[in-house]
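Residues per chain are reported as follows:
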Amino acid sequence: MILDGKRVSEKRLELLEEKIGESGIQPHLAMVLVGEDPASLLYINMKHRACERVGIGSISIRLPVEAGTDEIIGAVSRLNNDLQIDGILVQLPLPPHISTRAVVEAVAPDKDVDGFHPLNMGRLFMGDPNIIPCTSRGIMSLLEEYHIPVAGKRAVVVGRSIEVGKPLGMLLLFADATVTFCHSKTLDLPAHTRTADILVSAVGKARFITASMVQAGATVIDVGTNYVQGKLTGDVDFEGVSPLAGAVTPVPGGVGPMTIASLMENTFQAAWKRQCFPVR
Ligand code: GUN
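Draft legend 1. Region of interest: the site of the ligand. Taken together, Leu89, Val90, Gln91, Leu92, Asp114 and Phe116 are the residues near the ligand. Within the contact set of the ligand, a nitrogen atom lies 2.5 Å away from a side-chain nitrogen or oxygen of Asp114. Within the complex, 77% of the 280 Å² of free accessible area of the ligand lies under protein.

Draft legend 2. Local environment of the sheet that holds strand β1 (residues 28-34). The three strands lie next to each other as β2-β1-β3, forming an open sheet whose pairing is parallel. The sheet is open, and its two edges are formed by β2 (57-63) and β3 (87-90), each paired on a single side. Within this sheet the neighbouring strands show an average axis-to-axis angle of 20 degrees, counted without direction. As defined by bridge partners, β1 adjoins β2 across seven bridges and the pair is classed as parallel. Across the sheet, residue Met31 finds its bridge partner in β2, namely Ser60.

Draft legend 3. Molecular detail of the pairing of strand β7 (residues 219-222). Here β7 shows a buried face lined by Thr219 and Ile221 and a second buried face lined by Val220 and Asp222. Note that strand β6 (residues 198-201) and β7 share four bridges and pair parallel. Residue pairing in the sheet places Ser201 in a bridge with Asp222 of β7. Here β7 runs beside strand β10 (residues 247-248); their pairing, made up of two bridges, is parallel. When the bridges of β10 are listed, Val220 appears paired with Val248.

Parameters and conventions
- The written sequence of each chain sets the order in which its residues are numbered from 1.
- Local features in this predicted model are restricted to residues of pLDDT 70 or higher, and side-chain atom pairs are both shown and tallied only at a pLDDT of 80 or more, whereas totals for entire chains, interfaces and linings draw on every residue.
- Just so you know, side-chain values use all the structure's heavy atoms and leave hydrogens and water out.
- If even one non-hydrogen atom of a residue comes within 4 Å of a molecule or strand, that residue is called near it.
- Here a polar contact is recorded for every N or O atom pair within 3.5 Å, except that within protein the pair must consist of a potential hydrogen donor and a potential acceptor, and residues adjacent in sequence are included only if both atoms are side-chain atoms.
- Accessible surface area values rest on a Shrake-Rupley calculation with a 1.4 Å probe, where residue burial reflects the displayed protein chains alone.
- A pair of strands counts as paired when DSSP detects no fewer than two bridges linking them.
- Runs of H or I in DSSP of at least four residues are treated as helices and runs of E of at least two as strands, each being numbered from the N terminus.
- Where helices are involved, their axes are fitted lines through C-alpha atoms of the stretch in contact, as for all axes, and angles between N-to-C directions lie from 0 to 180°.
- Burial here depends on accessible area, computed with a 1.4 Å probe over protein chains only, as a share of the maximum for the residue type. Under 20% is buried, over 50% is exposed, and the range in between is partly exposed.

Keep in mind these numbers describe shape, not what the thing actually does.
Right, dumping it as structure tokens:
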């Protein structure tokens, strides 16, 4: 079975468009982009298009690649104080001379639609989430949509990033999976991945997960976005793995569109909370 993230995300966006229409509020998302990275530019454009589609206003703040950490934090602070803006997203990765940690911590937690601020991450880890990181939220929605059982299942997450691996592992844990985190120092990775009922790869290496690493019938979630000769490719050797897996996400058309739909949901959630229950 192919887990069709494109279709499910369309369905979720349609639902969200209705919800936003009925809410009587118009959410606004601000995206901060530093430099000219073509992949980041592409993602920002896709996010703008999704905003338009559901009725979220969106702006981009562009800063040159030479901008310093203070300049970026300054831009974020202005957005924090802007009453028009409900959600703020700083497109990652930032150039290497920037302190990503300082920038992420500068975003007001209630506008942090990425869910990367330590307060939001901490709340998630305590089982009382405010805003859930988009990719993780999107993957959980996809599993739910296809009625893939999680409770009691063995989930193996390959990759331990703050953006995907760690928060997704937590969500799977709270959904009562038995979770194993694997990473670049894991010994005998295939021995771990072959135990997985749900295998998630968030590594960033094309064709990293091969058929011999997958248990027959497993659900395989491919978070990879690798460009091979200009073509978007996941972490999973799709041709080899798909005949064997019970379910698998394609790249493109799997996790990516779910991430964008979740960003829209997070933005509406932040706007609803801020505009209807403002902290005075
Ligand atoms: N770059 C890759 N994934 C993400 C994400 O989820 N959020 C942001 N802000 N940047 C990213």
